[in-house]
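Working through the structure, step by step
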Amino acid sequence: MNSLNWNDVRYFLALVEAGSLSAAARALNVEHSTIARRVDALESDLKLRLFDRLPRGWMLTAEGSNLLPHARSMGDQLLAFERAASGATALAGTVRISAPPALTAYLLAPHLRQALASMPDIELELAGEAGEASLTRREADIALRLNRPRAAGLVAKSLASLQYGLYASKGYLDGRPAQNWEFLGYDDSLRETSQQQWLETLAAERRFILRANDLATIFQAAIAGWGVAALPHFLGRQGKGLVHVEVAAPPVERRLWLVMHEDMRRSPRVRAVADQIILLFGTDEVRSLLGPPEADASR
């Protein structure tokens with residue numbers, strides 16, 4: 001058997017994960033013919049057929065399925081090696097931060113520039129993502145999450161408490177009794193979140209005029225005067241014309257976590273950026289944005 005080329009194994013894994021040549025090519029930013037050629041080379045080195053080439057696509061053979069866990073283990077070990085090696089670098093290079101889109105747009109982007117002014121050779125990538133990027137596979141270096149991770153190899157630090165409140169446009173509220181309010185909330189895909197459950201309880205028998213799977217859509221609908229929404233205070237107070245509505249029900253809060261892979265804590269550039277984020281959320285300016293605004297004396 002010839003010495004294995006790791007890149008050939010990487011293409012094998014990409015094809016398995018993506019499910020098709022074209023999807024794997026997009027994931028690796030190569031031509032689909034490259035994927036096919038590298039898998040052919042791997043099969044030649046192993047003297048095994050890993051895929052059956054069928055009209056409906058490439059399907060793993062029994063031999064390919066048996067080797068898949070070992071290939072994934074090789075991939076994880078290489079990524080661990082790369083993470084450990086990155087710890088030897090200076091305060092230069094790219095750090096990718098994954099966070100919910102509203103946090104990225106309304107907290108990180110406006111405030112991190114000044115916090116990182118002392119590190120001119122650091123380049124940030126801010127990825128506003130509804131899903132959770134894989135820190136193990138280095139889809140991000142740092143993640144801000146609303147749920148504490150339980151996966152092995154991840155470390156988390158509590159950053160802050162995100163408080164939620166009711167918001168609606170002043171024009172919508174003027175002259176409209178509370179029993180006639182209509183609500184804006186998440187659809188079924190996010191119905192189990194604590195802020196949506198809180199809003200459902202408050203709404204009781206009153207109707208939801210709009211549901212969405214995206215906080216930005218709900219935010220913009222509230223600004224446009226569609227109805228009443230549950231928004232994190234840092235976002236609600238950004239909306240032009242939005243009013244914070246006081247309610248007797250205890251406000252909902254969600255804990256915000258900073259998450260890294262344990263290997264990345266040894267990377268000076270990643271550790272430095274993480275430290276600045278931790279400091280940022282400890283400042284009076286940001287802490288004040290997370291709580292409710294002062295009562296509007298006009299209401």
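Report follows, based on the coordinates. (Residues numbered from 1 in each chain as written. Predicted model: local features only at pLDDT ≥ 70, side-chain atom pairs only at ≥ 80, totals over all residues. Heavy atoms only, no water.)

1. Brief notes about the overall build of the protein chain
Cut-off, in case you're wondering: Only DSSP runs of H or I with at least four residues qualify as helices, and only runs of E with at least two residues qualify as strands; both kinds are numbered from the N terminus onward. Only protein chains enter the accessibility calculation, which uses a 1.4 Å probe. A residue is then buried if its area is under 20% of the maximum for its type, exposed if over 50%, and partly exposed in between. Note on contacts: a residue pair is in contact if any heavy atoms of the two residues lie within 4.5 Å. In this count, Lys and Arg are taken as positive residues and Asp and Glu as negative ones, while His and the chain termini are left out. A charged residue contributes its charge at one atom only: NZ of Lys, CZ of Arg, CG of Asp or CD of Glu.
Of regular secondary structure, the protein chain possesses eleven helices and eleven strands. Burial analysis of the protein chain (299 residues in total) assigns 44% to the buried set. Pairs at least 24 apart in sequence give 73% of the contacts found in the protein chain among residues at least 6 apart. Seen as two clouds, the 34 positive and the 34 negative side-chain charges of the protein chain have centres 1 Å apart.

2. Quick word on the packing of aromatic side chains
Inclusion rule: Aromatic rings from Phe, Tyr and Trp, taking only the six-membered ring of Trp, are treated as a pair when their centres fall within 6.5 Å; an angle between ring planes under 30 degrees marks them as stacked, one over 60 as edge-to-face, and anything in between as tilted. Two conditions define a charge sitting above a ring: the NZ of Lys or the CZ of Arg must be within 6 Å of the ring centre, and it must be within 35 degrees of the ring normal.
Tallied over the entire structure, the rule returns four aromatic pairs. On the basis of an interplanar angle of 45° and a centroid distance of 5.9 Å, the ring pair of Phe 183 and Phe 208 is categorised as tilted. Taken as a pair, Phe 183 in strand S7 (residues 183–186) and Phe 208 in strand S8 (residues 208–212) lie far apart in primary sequence, 25 residues in all. Of the two residues, Phe 183 and Phe 208, both sit in the buried class. Feature note: the residues Phe 12, Phe 51 and Trp 58 constitute an aromatic cluster, connected by ring pairs. The cationic tip of Arg 10 hangs over the ring face of Tyr 11; the distance from NZ or CZ to the ring centre is 5.3 Å. Taking the ring centre of Tyr 172 as reference, the NZ or CZ of Arg 176 above it sits at 3.9 Å.

3. Side note on the nonpolar core
Rules: What makes a nonpolar core is a set of buried Ala, Val, Leu, Ile, Met, Phe, Trp, Tyr and Cys residues whose side-chain atoms join them at distances within 4.5 Å.
In terms of nonpolar packing, the biggest core is built from 63 residues, with Ile 142, Leu 144, Leu 231, Phe 234, Ile 277 and Phe 281 touching the most fellow members. The contact partners of Phe 281, leaving out residues within four places of it in the chain, are Leu 107, Leu 108, Leu 144, Leu 159, Ala 160, Leu 256, Val 286, Arg 287 and Leu 290. Counting residues in each nonpolar core, the second largest holds 19 residues, with Tyr 11, Ala 36, Leu 46 and Ala 71 among its members.

4. Details of helix H7 (residues 194–203)
Definition in use: To be clear, the arc concerns the directions from the helix axis to the C-beta atoms.
Among the residues of H7, those classed as buried are Gln 195, Gln 196, Trp 198, Leu 199, Leu 202 and Ala 203. Buried residues along H7 cover an arc of 160° about the axis, so they all sit on one side. Those residues of H7 that are buried are in contact with strand S6 (154–169), S7, S8, strand S9 (228–232) and strand S11 (253–261).

5. Concerning the packing of helix H2 (residues 21–28) against helix H3 (residues 32–46)
Relative placement of two packed helices is described by the angle separating their axes and the distance separating the axes. We count it as follows: Each axis is a line fitted through C-alpha atoms, and for a helix only the stretch in contact is used; angles between axes span 0 to 180 degrees, taken between their N-to-C directions. Here the word oblique covers every angle except those under 35 degrees (roughly parallel), over 145 (roughly antiparallel) and from 65 to 115 (roughly perpendicular). Think of it as three bins: nonpolar holds Ala, Val, Leu, Ile, Met, Phe, Trp, Tyr, Cys and Pro, charged holds Asp, Glu, Lys and Arg, and polar takes everything else, Gly as well.
Look at H2 against H3: their axes get within 8 Å of each other, and the N-to-C directions meet at 100°. One way to sum up the angle between H2 and H3 is to call them roughly perpendicular. Contacts from Leu 21, Ser 22, Ala 24, Ala 25 and Leu 28 in H2 reach His 32, Ile 35 and Ala 36 in H3. Considering only residue class, the contact of H2 with H3 consists of six nonpolar, two polar and no charged.

6. Quick notes on the packing of helix H5 (residues 101–115) against helix H10 (residues 268–281)
How we decide: Rotating anticlockwise by less than a right angle from the far helix to the near helix defines a left-handed crossing, while the corresponding clockwise rotation defines a right-handed one.
In contact at an axis separation of 10 Å, H5 and H10 are set at 110° when each is read in the N-to-C sense. Here H5 is positioned roughly perpendicular relative to H10, judged by the angle of their axes. When you trace H5 past H10, the crossing you get is right-handed. For the pair H5 and H10, contact is made by Leu 107, Leu 108, His 111, Leu 112 and Ala 115 and by Gln 276, Ile 277, Leu 280 and Phe 281, respectively. Grouping the amino acids of the contact of H5 with H10 by side-chain chemistry returns seven nonpolar, two polar and no charged.

7. Overview of the pairing of S7
Short version of the rule: Here, strands pair whenever DSSP counts at least two bridges between them.
When S7 meets S8, the two strands line up parallel, connected through four bridges. Each bridged residue has a counterpart across the sheet, and for Tyr 186 the counterpart in S8 is Ala 212. Where S7 and S9 come together, two bridges link them in parallel fashion. Residue pairing for S9: Leu 184 is matched across the bridge by Ala 229.

8. As for unusual backbone geometry
A negative phi holds for most residues other than glycine; trans holds for most peptide bonds. The phi angle at Asn 29 is positive, at roughly 60°, despite the residue not being glycine. Tracing the backbone shows Asn 29 in the loop between H2 and H3. By relative accessible area, which is 71% here, Asn 29 ends up exposed. One non-glycine residue, Lys 47, adopts positive backbone phi at about 55°. Inspection of the secondary structure puts Lys 47 in the loop between H3 and strand S1 (51–54).

9. Description of H3
For the record, the criterion: Expected span, for any helix, means 1.5 Å times one less than how many residues it has.
Helix length check: H3, at 15 residues, gives a terminal C-alpha distance of 21 Å against a target of 21 Å (1.5 Å per residue), a fit within 8%. Three or more residues of H3 are buried, namely Thr 34, Ile 35, Ala 36, Arg 38, Val 39, Leu 42, Glu 43, Asp 45 and Leu 46.

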